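Chains, contacts and geometry: an overview
Spelled out from the first residue to the last, the chains are:
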Amino acid sequence: MARPRSAGYDDQRDQILAKASALFAQQGYTATSMNQVAAACDLSKAALYHYVRDKHALLALVAEAHVKRLEAVVEEVLAQPLAPEARLRELIVRFVREYSNAQNEHRVLTEDVKFLADAERESVLGIERRVVNAFAEAVAAVRPALKPAELHKPLTMLLFGMINWMFTWLKPAEDGQRLTHEQMAPMVAELFFGGLGAVSVPVPPEPVSPSRKKTPRKETAL
């Protein structure tokens, strides 16, 4: 008879996935041990195996959970009664916001999916393809002539090029002087729709007094 799950099972597993994705992003999938994941979650190794079969299964869960969240964002936006341009803008803004809270998971998706078994990798890639196709259809809805010319998907991939790699250079601001993902989200939409001339300049943040400034951390080049 299967052991019943506790009331907090899903919350604990979500925490495990978050801690594992952070470790995978920081030091790589192959260099991360299940002992390190267990320690990061304040669990024994035996308790960790109650939630996940092994490290390989853990990677599959991290990648799949991330792309499923992205697909859920697409479904939420498409369910709204929006005009074509407003729908595409909302998709862009929502994805930039989602990535701002899932940078570890996105790094894992871009760098570690190659370690998945063929069936697992194909499952993740299948969800990614559905997300890309939904964006491409949204692009074509704004400019219908793009679809017969087979330009809606290439343009969609250019759009994802702006969004997907933002995590490599846009870092959370400690001193209040850098752009935030919230500020960048409409910029991406403006740039995609109107080119450079359409980008509006955001109001600069309030200056931080010297006494409040923190010593900047040394960051590794990506």
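Residues numbered from 1 in each chain as written. Predicted model: local features only at pLDDT ≥ 70, side-chain atom pairs only at ≥ 80, totals over all residues. Heavy atoms only, no water.

Our next topic: the overall build of the protein chain. The number of helices and strands found in the protein chain is nine helices and zero strands. Ordered by position in the sequence, the α and β elements of the protein chain form the string α-α-α-α-α-α-α-α-α. Within the span of the protein chain, comprising 222 residues, buried residues form 37% of the whole. A separation threshold of at least 6 residues defines the contact pool for the protein chain, and within that pool the share at least 24 residues apart is 67%. When the accessible surface of the protein chain is totalled, it reaches about 13100 Å², and 55% of it is carbon and sulfur. (Helix = DSSP H or I, 4+ residues; strand = E, 2+ residues; numbered from the N terminus. Buried < 20%, exposed > 50% of the residue type's maximum accessible area, 1.4 Å probe, protein only. Contact = heavy atoms within 4.5 Å. Areas by Shrake-Rupley, 256 points an atom, 1.4 Å probe, with all protein chains shown as cover.)

Another aspect to go through is the pattern of salt bridges. Evaluation of the coordinates by the stated rule reveals 11 salt bridges. For glutamate 85, the salt bridge identified is with arginine 89, shortest N-O distance 3.1 Å. Placement of the pair is glutamate 85 and arginine 89 together in helix α5 (residues 84–100), with a separation of four residues, close to one helical turn. On the basis of relative accessibility, which here comes to 29%, the residue arginine 89 falls in the partly exposed class. (Salt bridge = Lys/Arg side-chain N within 4 Å of Asp/Glu carboxyl O.)

Here we take up the packing of aromatic side chains. Scanning the entire structure with this criterion turns up nine aromatic pairs. Here phenylalanine 95 and phenylalanine 135 contribute two aromatic rings whose centre-to-centre distance is 4.8 Å and whose plane-to-plane angle is 75 degrees, an arrangement assigned as edge-to-face. Separated by 40 residues along the polypeptide, phenylalanine 95 in helix α5 and phenylalanine 135 in helix α7 (residues 118–142) bring together distant segments of the chain. In this structure phenylalanine 95 comes out as buried when scored by relative accessible area, which is 0%. (Phe/Tyr/Trp six-rings, centres within 6.5 Å; stacked < 30°, edge-to-face > 60°.)

Let us now look at unusual backbone geometry. You will see that aspartate 42, though not glycine, has its phi angle at about 55 degrees, which is positive. Among the secondary structure elements, aspartate 42 is positioned in the loop between α2 (34–40) and α3 (45–51). Of note, glutamate 150 is a non-glycine position whose phi angle comes to about 55 degrees, a positive value. Summarising the element assignment, glutamate 150 is placed in the loop between α7 and α8 (152–164).

By size, the foremost hydrophobic cluster in this structure holds 28 residues, and its most contacted members are Ile92, Phe95, Phe135 and Ile163. Elements with a minimum of two residues in this core: α4 (55–78), α5, α7, α8 and α9 (181–194). The biggest single contributor to this core is α5, with seven residues. Sequence-distant contacts of isoleucine 92, defined by excluding residues within four places in its chain, comprise Phe135, Leu159, Ile163, Ala185, Val188, Ala189, Phe192 and Phe193. Judged by nonpolar contacts, the second largest core, of 27 residues, contains Leu23, Leu48, Tyr51 and Leu109. (Core = buried A, V, L, I, M, F, W, Y, C linked by side-chain atoms within 4.5 Å.)

This part is about the packing of α5 against α7. Running from N to C, α5 and α7 cross one another at 145 degrees; their axes reach a closest spacing of 8 Å. For the pair α5 and α7, the sense of crossing is left-handed. On the side of α5, the interface is formed by Pro84, Glu85, Leu88, Leu91, Ile92 and Phe95, while α7 contributes Val131, Phe135, Ala138, Val139, Ala141 and Val142. Residues that form the contact of α5 with α7 fall into these classes: 11 nonpolar, no polar and one charged. (Axes fitted to C-alpha atoms, helices over the stretch in contact; angles between N-to-C directions. Left-handed = near helix turned anticlockwise from the far one by under 90°. Nonpolar A, V, L, I, M, F, W, Y, C, P; charged D, E, K, R; others polar.)

Keep in mind these values describe shape, not function.
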